[in-house]
Every structure is written in C-alpha cells, then in structure tokens.
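Topology and contacts: notes
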Amino acid sequence: MTGRDDWWYDEAAGPLVRPYAMVRGRTRPNAPDLHLVTQVRASSFASDQTSLTVEHREIMALCARPLSVAEVAAYLDVPLVVVKVLLSDLIERGDVLVQTSTPKIPDRDLLQAVLDGVRGI
C-alpha cells in the first residue's frame, strides 16, 4: 500500500484501529447466548446499512450464509469478544438472526470406547 490513504495501516502490525475502538469500549455483548458454535446469518430483511460501521457491514457480508461466531471472528481476524459485541448490535437491529442449537454431548460409553481405541494404538 502506498499513498496518503494508507496512514492507518502498518504492514507489520496490521490495522491501527484497536479492538476496543471497534466496539466503542464495550466489553460485553448485549446478546448473552452467543457461544463459539452459535450459528448466525444475515436477515433477508436487513435494515438500512448506511448507519453501520465498516466492521458491521463486513459481518453482514460474511453472514450471507450461516457461520458460527468463531468463524466470523476468524474471517475478520479480530478477538472473539469484539465479534460478539458487533454481532449483538446487529441482532438487536434485526439484521442478523441467531440459529441456536444445543451441542449434543456424546454418550459416556461412546467416549470410553474411543479412548480405549486410542490407547490401543
């Protein structure tokens, strides 16, 4: 990158916008049930996006197909808590929908069989 528009970016350090600035200092999402595996997707009836930040718009573009919260954080390359705060903003606006599913815990006997199989290797 060269020119006057690249002053905010350092090749070695990445973007100079710190995570707390992206979420205006907030450290807790308003949507408390956002877990690593929670699936989110953009609503087909999203509201006007002109008032959204660049990060919010990036999330909206990513969530055109269902993704987990962890995947969104990985694609954006920002800390998980930042993504949770940004997603909770979009959920409150109705721009992102949450598809909750309770992770199924495998049967103890199945886990023991897998463990015994690994030990037998």
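Below, the structure is looked at part by part. Each chain carries its own residue numbering, running from 1 in the written order of its sequence. In view of the model being predicted, local features appear only for residues whose pLDDT reaches at least 70, and side-chain atom pairs are presented and counted only at 80 or more, with totals across whole chains, interfaces and linings using the full set of residues. To get the side-chain values, all heavy atoms of the structure are used, and hydrogens and water are removed first.

Once that is clear, we can look at unusual backbone geometry. We note that Asp77 has phi near 60 degrees; this positive angle belongs to a residue other than glycine. Secondary structure counts use DSSP, requiring at least four H or I residues in a row for a helix and at least two E residues in a row for a strand, with both numbered from the N terminus. Structurally, the position occupied by Asp77 is in the loop between helix H3 (69-76) and helix H4 (80-93). The class for Asp77 is exposed, based on a relative accessible area of 69%. Each residue is placed in one exposure class: buried if its accessible area under a 1.4 Å probe, protein chains only, is under 20% of its type's maximum, exposed if it is over 50%, and partly exposed if it falls in between.

Following both chains from N to C, one finds helix H2 (residues 54-62) and H3 inclined at 120 degrees, their axes separated by 11 Å at the closest point. In this view, H2 runs oblique relative to H3, as classed from their interaxial angle. In the crossing of H2 with H3, the sense of the turn from one axis to the other is right-handed. When H2 is examined against H3, the residues Glu58, Ile59 and Leu62 are found in contact with a partner set consisting of Val72, Tyr75 and Leu76. A fitted line through C-alpha atoms represents every axis, and for helices the fit uses only the stretch in contact; the resulting angles, taken between N-to-C directions, go from 0 to 180 degrees. Any angle that falls under 35 degrees is termed roughly parallel, while one over 145 is termed roughly antiparallel, one within 65 to 115 roughly perpendicular, and all others oblique. Crossings are classed by handedness, with left-handed meaning an anticlockwise turn of the near helix from the far one by less than a right angle and right-handed meaning a clockwise turn. Any pair of residues with heavy atoms lying within 4.5 Å of one another is described as a contacting pair.

Quick look at the pattern of salt bridges now. What makes a salt bridge here is a side-chain nitrogen of Lys or Arg within 4 Å of a carboxyl oxygen of Asp or Glu, nothing more. Applying the stated rule across the entire model yields 1 salt bridge. As a salt-bridge pair, Asp95 and Arg93 come within 2.7 Å of each other at their nearest N and O atoms. With relative accessibility at 33%, the residue Arg93 sits in the partly exposed group.

Two numbers describe how H2 lies on H4: the axes approach to 10 Å, and their chain directions differ by 75 degrees. Taken together, the axes of H2 and H4 lie roughly perpendicular to each other. On H4, the residues that touch Glu55, His56, Ile59 and Met60 of H2 are Leu86, Leu87, Asp89 and Leu90. Note that Gly is not counted as nonpolar here; it falls among the polar residues with everything else outside the nonpolar set of Ala, Val, Leu, Ile, Met, Phe, Trp, Tyr, Cys and Pro and the charged set of Asp, Glu, Lys and Arg. For the contact of H2 with H4, a count of residues per class yields 5 nonpolar, 1 polar and 2 charged.

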